[in-house]
Amino acid sequence: METYRISNLTFTYPNRAAPALDNINLTLAQGDFCVLCGHSGGGKTTLLRHLKPAIMPHGTREGEILFNGTPVNDLAPRDAAAKIGYVSQNIENQIVTDKVWHELAFGLESLGLPTPQIRLRTAETACFLGMQAWFERDTHTLSGGQKQRLILGSILTMHPDVLILDEPTSQLDPIAAEELFTLLAKINRELGVTVILTEHRPEEAFPLANKIIVLDNGCIIYEDTPRNAPRNILGILPTPMRIFHGIGASGTCPVTIKEGRKWLKTQTLKPIPPVQEPPPVAPALILRDIYFKYEKNAPDVLTGVSFTANKGEITALLGGNGTGKSTTLAIAMGLYKPRRGKITAHGKITMLPQNPTTLFIGKTVQEDLHEMTQNLDELEHIVRQCRLQHLLDIHPYDLSGGEQQRTALAKVLLTRPQILLLDEPTQGLDTAYKQNFAEILRSLANTGVAIVLVSHDIEFCAEYADRCALFFNGSIITQSTTRAFFANNHFYTTGANRMTRGLVENAVTATDVINALQKGSL
Amino acid sequence: MHRDAFSTYHPLVNLAFFVSVIGFAMFLLHPVALGISFVCAAGYVLCIKGKKALRFGLIFMLPMLLFTAAMNPLFNHQGVTIVAFLPNGNPVTREAIIYGIAAAIMLITVITWFACVNAILTGDKMVYLFGRVAPALSLILSMSLRFVPRFIAQAKIISNAQKALGRKTSPFKILSMLVSWALENAIETADSMKARGYGLPNRTAFSIFTFTQRDALALLFFALNIAVILAGVAAGAYRFRYFPDIQGEWTGAGTLAVFTAYFLLCAFPLFLHVKEALYWKRTASVI
């Protein structure tokens, strides 16, 4: 049985010439686990929103969308609400009520179910998702992962046939993201619910999926199993597949790290020479033995943090949630006073906050930037550096995530910092935006600015940072050059490094492995 | 807060109790009734809030008690037993002094009961009780309770982000940013509500509270005591006057019965609390 059958769907937003979706033909069978990939602005969210009548975008539409054999717009409102579950990108905005139990019951209240039935369904769902321990808590006290699980639960109570998720992990740290995928796999496997989601992190999603759809400029350019994904969508593939296609190998393509290792053992690998330590540079920001806690009776958040950020280098602070990374940035910035310890900063210091919208005041990007400076030459220079030329007349809230990030960065740069702090700058960005952002950061570093960023994004740091430090339990466990850092770690390291562990030394990125393989085949 | 037995009762029971004791505390001015209500309220607040309540009582309530008691005879000159004269020639009477003390005790008793209300009738119970009357109102309340902490947290984040730009931002500007943030996010919240069927006809209101036999018995117990108290009031068993001279009913079977009923009503949560504490103490000593 088919959950969805979409035929010849073309959709154009009002006042736009080009269609956002162009002749989409798609079939989703019941129980499918489907990952929808593609660059930002490629039409992924637009397609997902077409699957649920209540939130279908406005515009001109042609073609047909059948849900369980019925056109979606002919579905009874009650069925459409209950059978099609939709999770949008922003976690916070989807929680409506103040109590966990009330949020779980929200959809059932809308459906008009009697109290005993709601009691049973919320209880069942809470058990299934492991929410008993916080069933009576206030929603604002939950962690990000718990909130995402709550949103999922509030939909599962309505017994949906299909779950649609728009970038569900974009606001989660890696551990919470993995937990979410485990949960989705369980829902798919044990309840037979069809799952369709968009995702920027292919490493966890690909092994679970039985179908990959790649959307580009509103067209489907690929629709098949993950294993057969072609090499022309390289940027969004998991590391083992990138390496496999990178050397143009033939045979069965590995999808998981485990398969990747198995495949690598059949290949010849040339050793990778260790990279020379870069010459010492002048330090810009020095933190020594910082101790801090938020309240008198609270436990210490930071217990003796020491680190140095050099001029012209990108330093990355990695580590799990709640280990004190963001607090360290806030203290370096001077937002809080350390209880003990010393901070030395050579030059002006500013910070790009995690949420770029917290900086926007103006009605257009232009207005927002003008507020920072009167010097038009400087403004133009920064606009070019941050690649904002074509965005100047748009309201900051209407930009995409990556564009908002660059606008916020431009605003911060207009204060002419010598030390730039960034809190989770890559969260929710796709590969193209990340690369774009990294290039801007590199050009800044080349002018002598010291850049310190806090991140969960191991692959990003491995690719672009000069030095990395690992946070654990309120202090820094190790700090070294990026290569040495990832080559020495076992778990907290890149996919490429985990894949080559024991087979070849010093491989950190997919490019390293590809180079080693190509030399080997010569 | 310590875990309290009375707070585990159905919100309707909690509400019925507080409405009746606060009502009686305001209208029954017989010194014995005042004493009963005060002792029960103070005892209960100490049980559920502990040291914090004691500190609040000593720092805030005691001075208020003394102040109110002292103010009355300075301005109220009714009564027949003159104790002294003020510099302006007005008399200070024994009746006015005693009435001042009684009124002061009434005032802090009511405040103490409200402190208990605050601890027992938490936000979710209020939301539920409102929901009985108007389901839409209860959802709005619940959404506000969700929104307020988010709004405050976002205000802090925005203020920090602006500080990190190395500048001072006026509170007015921050408020304007907060409003655009809230409006922008409200669209997505509305979508999320719509996606879960909000707006379909015949919406129900769910609550996790269940009304059990225990709750019914508690309500019955309240009703019996309230009936005795009201009958006593009607029959004049509570008769007491402060002016012009102090006269009132102190003994007599009816009066004693009424006081007993009043005590049983006011001490109900205190009794539950002590019973619970003793139970756990006994269990612990057995282990």
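Small disclaimer: the values here were computed from a predicted structure and weren't measured.

So, about the domain arrangement of chain A. Residue and element names in this part refer to chain A. Domain assignment breaks chain A into domain 1 (2-233) and domain 2 (283-507). Between the C-alpha centres of domain 1 and domain 2 the distance comes to 31 Å. Contact residues are listed per partner, giving eleven residues for domain 1 and eleven residues for domain 2. Of the residues belonging to the side of domain 1 that touches domain 2, the class tally is two nonpolar, six polar and three charged.

We now examine the pairing of strand β1 (residues 82-85) of chain B. Residues and elements named next belong to chain B. By the bridge criterion, three bridges tie β1 to strand β2 (residues 91-93) in an arrangement that is antiparallel. The residue bridging Ile82 from the neighbouring strand is Thr93, located in β2. Where β1 folds back on β2, the antiparallel hairpin that results is connected by five residues, among which Gly89 adopts a positive phi of roughly 95 degrees.

Further remarks concern the environment of Tyr13 of chain A. Residues and elements named next belong to chain A. Topologically, Tyr13 is positioned in the loop between β1 (2-12) and β2 (21-29). In this structure the C-alpha to C-alpha distance between Tyr13 and His245, which are 232 residues apart in sequence, comes to 37 Å. Look past the residues within four positions of Tyr13 in its chain and what remains in contact with it is Ala20, Pro57 and Gly59.

Attention now moves to unusual backbone geometry. Omega for the peptide link from Phe243 of chain B to Pro244 of chain B comes to -5 degrees, which places this bond in the cis form. Of note, Pro244 of chain B is situated in the loop between β3 (240-241) and β4 (247-248). Although it is not a glycine, Asp289 of chain A sits at a positive phi angle of roughly 50 degrees. Looking at Asp289 of chain A, the number of C-beta atoms within 10 Å reads 14, which means it is partly exposed.

What follows is about the sheet that holds β1 of chain A. All names here are of chain A. Strand order in the open sheet formed by four strands is β2-β1-β4-β5, with antiparallel pairing between adjacent strands. For this open sheet the edge positions go to β2 and β5 (70-71), each flanked by a neighbour on one side alone. The sheet contact formed by β1 and β2 spans six bridges and is antiparallel. Note on β2: the bridge partner recorded for Arg5 is Thr27.

Turning to the sheet that holds strand β7 (residues 162-165) of chain A, a few remarks are in order. What links the strands of a sheet is backbone hydrogen bonding, and the strands pair in either a parallel or an antiparallel sense. Residue and element names in this part refer to chain A. Here we have six strands laid out as an open sheet, ordered β6-β7-β8-β3-β9-β10, and mixed in their pairing. Looking at strand neighbours, the two that pair on one side only are β6 (84-87) and β10 (219-224), the edges of this open sheet. Mean inter-strand twist for the sheet, computed between neighbouring axes without regard to direction, equals 15 degrees.

Residue and element names in this part refer to chain A. Of the two faces of β7, the one lined by Val162 and Ile164 and the one lined by Leu163 and Leu165 are each fully buried. Strand direction decides the pairing type here: β6 and β7, joined by four bridges, are parallel. If you follow Val87 over to β7, its bridge partner there is Leu165. Direction of pairing for β7 relative to strand β8 (residues 194-198): parallel, over a ladder of four bridges. Opposite Leu165, over in β8, you have Leu197 as the bridge partner.

What follows concerns the packing of helix α3 (residues 100-111) of chain A against helix α4 (residues 115-128) of chain A. Residues and elements named next belong to chain A. Between α3 and α4, the shortest axis-to-axis distance is 10 Å and the interhelical angle comes to 125 degrees. Relative to α4, the element α3 is oriented oblique. The two elements α3 and α4 meet at a crossing, and its hand is right-handed. Contact with α3, carried on its side by Trp101, Leu104, Ala105 and Leu108, involves Ile118, Arg121, Thr122, Thr125 and Ala126 of α4 and no other residues of that element.

Calculation notes
Residues numbered from 1 in each chain as written. Chains lettered and ligands numbered in written order. Predicted model: local features only at pLDDT ≥ 70, side-chain atom pairs only at ≥ 80, totals over all residues. Domains from an automatic or database assignment. Contact = placed C-beta atoms within 7 Å. Nonpolar A, V, L, I, M, F, W, Y, C, P; charged D, E, K, R; others polar. Pairing = 2+ DSSP bridges. Helix = DSSP H or I, 4+ residues; strand = E, 2+ residues; numbered from the N terminus. Buried ≥ 20, exposed ≤ 12 C-beta atoms within 10 Å, placed from the backbone. Axes fitted to C-alpha atoms, helices over the stretch in contact; angles between N-to-C directions. Parallel < 35°, antiparallel > 145°, perpendicular 65-115°, else oblique. Left-handed = near helix turned anticlockwise from the far one by under 90°.

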